[in-house]
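Listed here are the chains, written in short residue letters.
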Amino acid sequence: MSVDDKPLNFLEQIIKKDLEEGVHQKLITRFPPEPNGYLHIGHAKSICLNFGLAETFGGECNLRFDDTNPAKEEMEYVEAIEKDVRWLGFQWAGEVRYASSYFDSLYEWAVHLVKHGKAYVCELSADEARKYRGTLTEAGQNSPYRDRPVEESLDLLERMKTGGFDEGSKALRAKIDMAHGNMNMRDPILYRIRKQAHHQTGDKWCIYPTYDFAHGQEDAIENITHSICTLEFADHRPLYDWFIENLPVPSRPRQYEFGRLNLNYTVTSKRKLKQLVDEGHVSGWDDPRMPTIAGYRRRGYTPASIRKFCDMIGVTKSDGVVDVAMLEHAIRDDLDKNAPRAMCVLRPLKVVLSNYTGTEMLTAAGHPNRDDLASRQLAFGAEIYIDKADFREEANKKYKRLVIGKRVRLRNAYVIEADEVLKNEAGEITEVKARVIENTLGKDPEDGVKAKGVIHWVAAHDCAEFTVNLYDRLFTDAAPDAGGKDFLSCLNPESLLVLEGCKGEKSLLNAEPGQGFQFEREGYFCRDEKSESLQFNRTISLRDSWAKIENK
RNA sequence: UGGGGUGUAGCCAAGCGGUAAGGCAGCGGGUUUUGAUCCCGUCAUGCGAAGGUUCGAAUCCUUCCACCCCAGCCA
């Protein structure tokens, strides 16, 4: 959160009150991802919330991997997640935490519940358990194992732990209420048998705690004061509280829920994102079209823009769908203010200036309204490239670019006038012959005939040549995720357009991997950080009111 | 039909009994060597609906309606 006088969101109000009333001396939050995929924009909201709250209230935020399910988790993901959180600009308190490092305590607490008659080993199969659970409107039935002797459960639990039983043959369940209106309270599973190696604990465990049995206790161990999660966990809160109340945990955390982020034209479901990667619809988790933090980073989004976006959308308990235009606004806003300018001709058309001889170097500002950004040198000569879209043989008055017999300003250089067009046998324009209007560097033509517009260009004799990746939305449908439809059928076949042989000003040869620029009149681009050759990725186009006029 | 949650403009979102902030998008105009940026203006007699309380209601009460989540040994 920024320091301006924005109204407090509901969580900030709760925390402010808790701190003022001395309910807590210090705020401690946590961001608890499961390392089963890369972080996406929805996680960014949670990260900004949890770390942001800690920042504004002088508290701390932990990074804790909720690694209770070895079947789905990998080290690659834990590394990627740490990198993404750091990249967003947040620092977690102390070391990275792992739910798995609390497995001993969790097990002791499970034993504690059994000893107090509040948990039992159940031998119902998953299918049977489902039948016993009842439905949303009908009460469930007690498991036949529910009232077995404590000693028996204790013995069975111990043997589950040491690998004495097959996966799925037994489970430890809390003894709560099979008729409860909240399904989560119908004797939920605490431990299940999983004979799988874990990325942190190796093969030490044959049983793993479920989310419900682990999460609140993890929070208590870390003295989390406000445990913030998304709306779908609101139903779990009574269970969260039940464990905290029935276990000798060291602190009393409270759970609060907020509405997760939904973005139109975007899919934010780890399962679906993983599918896009696994089935090769994108090049990987960091494909610039992916709504992952890694994808946005490679696309050229900045941490500041993502944080700004999270700030813009707010935090509430209503679940809406945010327009991607907001995200696009956030990155344009940041890059407009901070990205150095450069010229790049995406689809080159040669223009020969018949009255110009020799070459010269011109100076251009690094940014139109920031003189702290270094200016650059531009080569100029008799042969230049302009974009094919910036020339027409004839056009109406609304078209403010190069037209035969008309003038146009070359950005940062002279005004020119087009005389003639050359075509090949297929009738395609191959070259334009034009003239420089003398003495128009930095001033209007002396004859009073002003150029109507300004176009960008690059000198043919001294430029950089590279590939540009034009990225667009991954989905054509505003709600690819919505009910029933197959999200893959909504994929945009034109989400990536590769342009070879683009001509950019020479200085672009020195761009650092990841460095962002505004290619004037085109959009924001960054040097791809992965490819060997020089390639630029389009982060986002400039707003284009001409396109609106033209399409009318 | 059980439990939990949410309804303020096209979208996000303030509002917490005193007469509907802000942002995004849109629209109109101005500046401009980027059809960008920037600037100005415009955009809810209306707050899911209907009743009620009150001098006064988006805010309180009642009833109704719509939408979201829950029946993984996923998180």
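Rules of the game
Residues numbered from 1 in each chain as written. Chains lettered and ligands numbered in written order. Predicted model: local features only at pLDDT ≥ 70, side-chain atom pairs only at ≥ 80, totals over all residues. Heavy atoms only, no water. Phe/Tyr/Trp six-rings, centres within 6.5 Å; stacked < 30°, edge-to-face > 60°. Helix = DSSP H or I, 4+ residues; strand = E, 2+ residues; numbered from the N terminus. Buried < 20%, exposed > 50% of the residue type's maximum accessible area, 1.4 Å probe, protein only. Lys NZ or Arg CZ within 6 Å of the ring centre and 35° of its normal. Axes fitted to C-alpha atoms, helices over the stretch in contact; angles between N-to-C directions. Parallel < 35°, antiparallel > 145°, perpendicular 65-115°, else oblique. Left-handed = near helix turned anticlockwise from the far one by under 90°. Contact = heavy atoms within 4.5 Å. Nonpolar A, V, L, I, M, F, W, Y, C, P; charged D, E, K, R; others polar.

(A) The arrangement of the packing of aromatic side chains in detail. Scanning all chains against the criterion turns up 25 aromatic pairs. Ring centres of Tyr38 and Trp285 lie 5.2 Å apart, and the angle between their planes is 10 degrees; on these two criteria the pair is classed as stacked. Separated by 247 residues along the polypeptide, Tyr38 in the loop between β1 (28-31) and α2 (41-56) and Trp285 in the loop between α9 (270-278) and α10 (293-299) bring together distant segments of the chain. Overall, Tyr38 belongs to the buried group, its relative accessible area being 13%. Taking 6.2 Å as the distance between ring centres and 55 degrees as the angle between the ring planes, the aromatic pair formed by Tyr356 and Tyr414 counts as tilted. Separated by 58 residues along the polypeptide, Tyr356 in the loop between β12 (348-353) and β13 (359-364) and Tyr414 in the loop between β18 (407-410) and β19 (415-423) bring together distant segments of the chain. Tyr356 gets classed as buried once you look at its relative accessible area, which sits at 13%. Overall, the relative accessible area of 11% leaves Tyr414 in the buried class. A connected cluster of aromatic rings, assembled from ring pairs, spans Phe103, Tyr107, Tyr191, Trp205, Tyr208, Phe213, Trp242 and Phe243. Sitting over the face of the ring of Tyr107, Lys161 holds its NZ or CZ atom 4.4 Å from the ring centroid. Here the guanidinium or amino end of Arg473 rests over the ring plane of Tyr265, the centre of that ring lying 4.2 Å away.

(B) The packing of helix α7 (residues 211-221) against helix α8 (residues 237-246), seen in detail. The N-to-C vectors of α7 and α8 enclose an angle of 60 degrees; their axes lie 9 Å apart at closest approach. Overall, the two elements α7 and α8 adopt an arrangement that is oblique. Between α7 and α8 lies a crossing of right-handed hand. Of the residues in α8, those touching α7 at Asp212, Phe213, His215, Gly216, Gln217, Asp219 and Ala220 are Leu239, Tyr240, Phe243 and Ile244. Split into classes, the residues belonging to the contact of α7 with α8 amount to six nonpolar, three polar and two charged.

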